[in-house]
Amino acid sequence: MKPSLRLLLIDDSDADATLVVRALMRGGYDVVYERVDSPAALTAALTRHAWDIAISDYVMGAFTGAAAFDLVRQGDADLPFIFVSGTIGEDAAVASMRTVADDYIMKGNLQRLVPAVERELRDAGLRRERRRLEQRLAYMAYHDALTDLPNRTLLLDRLEQATRVATREGTTLALLLLDLNGFKAINDTLGHHAGDRILQYVASRVRDTVRDADTVARLGGDEFAVILPLSDLDGALAAAQKILSEIERPCMIDDRALSVRASLGIACFPDHGSSADTLLQKADVAMYAAKGDGIGIAVYAPTRDRHSHRRLTLISEFRKGLDESRFFVEYQPILHLLTNRIIGIEALVRWNHPQQGRVLPGDFIDLAEQTGLIKPLTTIVLETAIREWSRAETVPRPTVSVNLSPRTLQDSRLPQHIADMLSVYDTPASSLAIEITENILMSDPARSMDCLQRLHGMGVRLVIDDFGTGYSSLSYLRRLPIDGLKIDRTFVAGLENGDDEVIVRSTIDLAHNLGLAVVAEGVESAAVQDRLLEMGCDAVQGTFISPPAGLAAIRDWIREQTLLEQLRGPSTGHRRFPQSL
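Rules behind the numbers
- Residues numbered from 1 in each chain as written.
- Predicted model: local features only at pLDDT ≥ 70, side-chain atom pairs only at ≥ 80, totals over all residues.
- Heavy atoms only, no water.
- Pairing = 2+ DSSP bridges.
- Helix = DSSP H or I, 4+ residues; strand = E, 2+ residues; numbered from the N terminus.
- Axes fitted to C-alpha atoms, helices over the stretch in contact; angles between N-to-C directions.
- Core = buried A, V, L, I, M, F, W, Y, C linked by side-chain atoms within 4.5 Å.
- Buried < 20%, exposed > 50% of the residue type's maximum accessible area, 1.4 Å probe, protein only.
- Contact = heavy atoms within 4.5 Å.
- Phe/Tyr/Trp six-rings, centres within 6.5 Å; stacked < 30°, edge-to-face > 60°.
- Salt bridge = Lys/Arg side-chain N within 4 Å of Asp/Glu carboxyl O.
- Arc of directions from axis to C-beta.

Trainee: Just checking my understanding: could you explain the sheet that holds strand β2 (residues 30-36) for this structure?
Mentor: One key point about sheets: their strands pair by backbone hydrogen bonds, in either a parallel or an antiparallel sense. What the 5 strands build is an open sheet, ordered β2-β1-β3-β6-β7; its pairing is parallel. Here the strands that pair on one side only, and so sit at the sheet edges, are β2 and β7 (103-106). Within this sheet the neighbouring strands show an average axis-to-axis angle of 25 degrees, counted without direction. Pairing of strand β1 (residues 4-10) with strand β3 (residues 53-56) involves 4 bridges; the strand directions are parallel.

Trainee: Is there a simple way to explain the nonpolar core in this structure?
Mentor: A general tendency of soluble globular proteins is for nonpolar side chains to be buried together. Counting residues in each nonpolar core, the largest one holds 78 residues, and the members touching the most others are Phe 318, Tyr 331, Leu 377, Leu 382, Leu 432, Ile 434 and Leu 532. The biggest single contributor to this core is helix α13 (residues 374-389), with 7 residues. Contact partners of Phe 318, with chain neighbours within four places excluded, come to Phe 327, Trp 351, Phe 364, Leu 367, Ala 368, Leu 373 and Leu 377. Leu 176, Val 206, Val 216 and Ala 236 belong to the second largest nonpolar core, which has 34 residues in total.

Trainee: Please explain the sheet that holds strand β13 (residues 261-269) as it appears in this structure.
Mentor: Read across the sheet, 5 strands follow the order β9-β10-β8-β13-β14 without closing on themselves; strand pairing throughout is mixed. Two strands lie at the open edges of the sheet, namely β9 (215-220) and β14 (297-299), each paired on one side alone. The average undirected angle you get between the axes of adjacent strands in this sheet is 20 degrees. Alignment of β13 against β14, held across 3 bridges, turns out to be parallel. In the sheet register, Gly 265 faces β14, and the bridge partner there is Ala 298. The sheet contacts of helix α8 (residues 192-209) involve β8 (173-181), β9 and β10 (223-229), and relative to β10 the element is tilted by about 10 degrees. Contacts between helix α10 (residues 276-293) and the sheet are confined to β8, β9, β10, β13 and β14, with β13 contributing the most and set at about 145 degrees to the helix.

Trainee: Please explain the packing of aromatic side chains as it appears in this structure.
Mentor: Any pair of aromatic rings gets described here by the distance separating the centres and the angle formed by the planes. Applying the stated criterion across every chain yields a total of 10 aromatic pairs. Aromatic pair Phe 318 and Phe 327: ring centres 5.0 Å apart, planes at 50 degrees, arrangement tilted. In this pair, the class of Phe 318 matches that of Phe 327, namely buried. Here Phe 327 and Phe 364 contribute two aromatic rings whose centre-to-centre distance is 5.6 Å and whose plane-to-plane angle is 70 degrees, an arrangement assigned as edge-to-face. Here Phe 327, found in strand β15 (residues 327-336), pairs with Phe 364, found in the loop between β17 (357-359) and α12 (365-371); they are 37 residues apart in sequence, far enough to count as distant. When its relative accessible area of 7% is taken as the criterion, Phe 327 is described as buried. Here a set of aromatic residues connected by ring pairs shows up, and it is made of Tyr 58, Phe 69, Phe 81 and Phe 83.

Trainee: Looking at this structure, I do not really get the pattern of salt bridges. What am I missing?
Mentor: Within the structure shown, the criterion is met by 27 salt bridges. Of the charged contacts in the structure, one is a salt bridge between Arg 358 and Glu 330, with a shortest N-O distance of 2.7 Å. With Arg 358 in strand β17 and Glu 330 in strand β15, this pair connects stretches of sequence that are 28 residues apart. For Arg 358, a relative accessible area of 44% translates into the label partly exposed. Glu 330 gets classed as buried once you look at its relative accessible area, which sits at 11%.

Trainee: Explanation requested: helix α15 (residues 414-424) in the structure shown.
Mentor: Side chains that are three or four residues apart share a direction in an α-helix, a result of its 3.6 residues per turn. Along α15, the residues that are buried comprise Leu 414, Pro 415, Ile 418, Met 421 and Leu 422. One side of α15 holds all its buried residues, which, seen down the axis, span an arc of 125 degrees. Turned more than 90 degrees from where α15 packs its buried face, Ser 423 and Val 424 sit exposed. Backbone geometry just after α15 places Asp 426 at a positive phi near 50 degrees.

Trainee: What is the right way to look at unusual backbone geometry in this model?
Mentor: With glycine set apart, most residues show a phi of negative sign, and most peptide bonds adopt trans. The residue after Phe 269, namely Pro 270, is reached through a cis peptide bond having omega 5 degrees. In this structure, Pro 270 sits in the loop between β13 and α10. For Asn 340, which is not glycine, the phi dihedral falls at a positive 60 degrees. With respect to the helices and strands, the residue Asn 340 is situated in the loop between β15 and β16 (341-353). Of note in this structure, Asp 466 is not a glycine but carries a positive phi near 55 degrees.

Trainee: Could you clarify how one ought to interpret the environment of Leu 156 in this entry?
Mentor: With respect to the helices and strands, the residue Leu 156 is situated in helix α6 (residues 152-169). For Leu 156, a relative accessible area of 23% translates into the label partly exposed. C-alpha of Leu 156 to C-alpha of Ala 217: the two residues are 61 residues apart in sequence and 9.7 Å apart in space. If sequence neighbours within four positions are ignored, Leu 156 has contacts with Ala 276, Asp 277 and Leu 280.

Trainee: Is there a simple way to explain the pairing of strand β19 (residues 432-436) in this structure?
Mentor: A regular strand places its side chains so that they alternate between the two faces of the sheet. With respect to burial, β19 is a largely interior element, 5 of its 5 residues being buried. Across the two faces of β19 the burial is the same, with Leu 432, Ile 434 and Ile 436 and Ala 433 and Glu 435 all buried. With 4 bridges connecting them, strand β18 (residues 399-403) and β19 associate as parallel partners. The residue of β19 that forms the bridge with Val 402 is Ile 434.

Encoded structure:
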């Protein structure tokens, strides 16, 4: 079957247009076309239909090819545009092509037409796919991937806008902060899959409960926020009660009816604060009061404000944890898909809290960064990871990855500090990888870039972590001296249901075109692992391969798998971590 081609012909000669159409049909195209010869007709045609390509004469009666090009670009910036003309010389043709059209073909040389059309259609497809990818990444930078709600960044922006409008117009607004009760128990008992479904139910129900003008956002974990413009305290209380009632309705998770409850805090403008940050803080105080008192809904009151005390207590506990060596490191393997071998280990810090037990980094990293305690914590993780894997028995030695925060990279002494650690434990720099986030250069870019370049010059591998959760352009990525990137788990999880395939595939292709290796995070099933292998992904990491575990458990498992492979030869099956661990 011949490929269909929707052709927009801009030519004042019906005979010349027929020559172009016949040349394309001889090349195998099933051409559907429309010929126009005036600005009005061209504008109307662009409005009526979507076209695959535009082909224009260069000189026409009262209409020029350059003017036609401008109109086409206003309607579709990616539509391929080719001049087919015979009225100007070769030098002028080259000049016109460089300034406007994608190609220029002389009417006496139409054998070039079909190859030119094929090339421009292919290039246009790549441009559109790249544009869709960048638009999707830009969207994801301001939205939560699991619930599709605005994230904390977008919420803060809208809250700041709302307070400015309320200040200018003398109106009110309310901020609701909501946290689920017992959500950790659901995750621990039924798994993260069930927890994710609960979060999606909550997001949908809250969004359907409020007005279109209201903003519902997921701040992270099991915490949500709602902005209610033009709402006073009575309106906020009514909305809060409706939200809690909707959330408490049972939801079906894997044929099991589950009910969840929530605690909700309210802060109002201008009574409780006049800025976005203040309203968030006050709503947070009220929410914790509601949770602590078990009353469901609480309105901010100064008597409830123990926020500063709670923060100081946590900082004191954190410092004590550092002094008492209560921070430890677990490791999660990275599997190379083609060879089925473990090529890397990511170091993940945990806090053995005396009251709360094993605390994950999501609950304390922000505090560490805000207080400057991230530096001693980073030193602990780096030293532990390098020391514990300096005597690795596997050949080749797996690369050990450590996450660094933007604040840490602003320390000019960091490269030498890492070099000293590597020297003490007689470890090559190539066996260490530093994972950084996409926004690494947003704060003090000169100092951060200098640090990265020095580390890269030492031979330390640099990897972009959680790729896709920020917004990285091609030019931005090219500036960084990086060796690879890790696709964020939110995109990888979508592959289970066929979602986000375009993003994942485009990211893999983009990375490979830039000479970068690609690791997919959050692989939780054989189906997702197989799909990533088909897409050409280099390596994977996730609970399907192995949950994070201590040094001894990971080493024993790698040793056992290496021995088995030596006995039976390379395996092509799926590799999983023993469930007993």
